[in-house]
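# Geometric and topological summary
Below are the chains, spelled out letter by letter.
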Amino acid sequence: MSDNNRQSFTDKAGAAMKPDSQKGTLEKAGDSIKGNMDSLASSAQPNSQKSGTQKAGDAVSGNSNQNDESMLNKAKNAVGLGQNNN
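Residues numbered from 1 in each chain as written. Predicted model: local features only at pLDDT ≥ 70, side-chain atom pairs only at ≥ 80, totals over all residues. Heavy atoms only, no water.

## Details of the overall build of the protein
Just so we agree on the cut-off: Starting at the N terminus, helices and strands are each numbered in turn, a helix being any DSSP run of H or I of at least four residues and a strand any DSSP run of E of at least two. It only takes one pair of heavy atoms within 4.5 Å for two residues to be counted as in contact. The accessible surface values rely on the Shrake-Rupley method and a 1.4 Å probe; as for residues, cover is taken only from the protein chains in view.
A count of helices and strands for the protein gives four helices and zero strands. Of the contacts made within the protein by residues no fewer than 6 positions apart, 54% connect residues no fewer than 24 positions apart. Entry remark: accessible area of the protein is about 5,700 Å², with carbon and sulfur atoms responsible for 53%.

What follows is the structure in structure tokens.
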């Protein structure tokens, strides 16, 4: 379960698993806004105040306050569903 004021893990997974080529403009924009807001919330919240599940979720989604590509985006790109494969 994600921490308060954070995007749920279910929403993140749903957005990550649907190919960008199958998303409309509004859906892409919504995903981008939600992702950016969650990333901002991740950066604003010290790791010492995050739950164990939130720390794990941030590590998987790439919100661990680093500029590394997320594991989900790496997986999407590997199977041809990410932005690097358009």
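## Let's talk about helix α1 (residues 9-17)
For clarity, the cut-off: Summary of the burial criterion: residues with accessible area below 20% of their type's maximum are buried, those above 50% are exposed, and those between are partly exposed, where the area comes from a 1.4 Å probe applied to protein chains only. The reported arc concerns the directions from the helix axis to the C-beta atoms and nothing else.
Within α1, burial applies to K12, A15 and A16. Taken end-on, α1 shows its buried residues confined to a sector of 100°, consistent with a single buried face. In α1, those exposed residues whose orientation departs by more than 90 degrees from the buried face are T10 and M17.

## So, the environment of K12
Along the polypeptide, K12 turns up in helix α1. Residue K12 is classed as buried on the basis of its relative accessible area of 11%. In this structure, the C-alpha to C-alpha distance between K12 and S61, residues 49 residues apart in sequence, is 8.0 Å.

## Some thoughts on the pattern of salt bridges
The condition is simple: By definition here, a salt bridge exists when the distance from a side-chain nitrogen of Lys or Arg to a carboxyl oxygen of Asp or Glu is within 4 Å.
Tallied over the full model, the rule gives seven salt bridges. Across the salt bridge formed by D38 and R6, the nearest N and O atoms sit 2.7 Å from each other. Taken together, the positions of D38 in helix α2 (residues 25-44) and R6 in the segment before α1 put the pair 32 residues apart, joining distant regions of the chain. D31 serves as the salt-bridge partner of K23, at 2.7 Å between the closest nitrogen and oxygen.

## A short note on the environment of K34
Inspection of the secondary structure puts K34 in helix α2. Relative accessible area serves as the criterion here: at 45%, K34 is assigned to the partly exposed category. Between the C-alpha atoms of K34 and D11, which are 23 residues apart in sequence, the distance is 9.3 Å.

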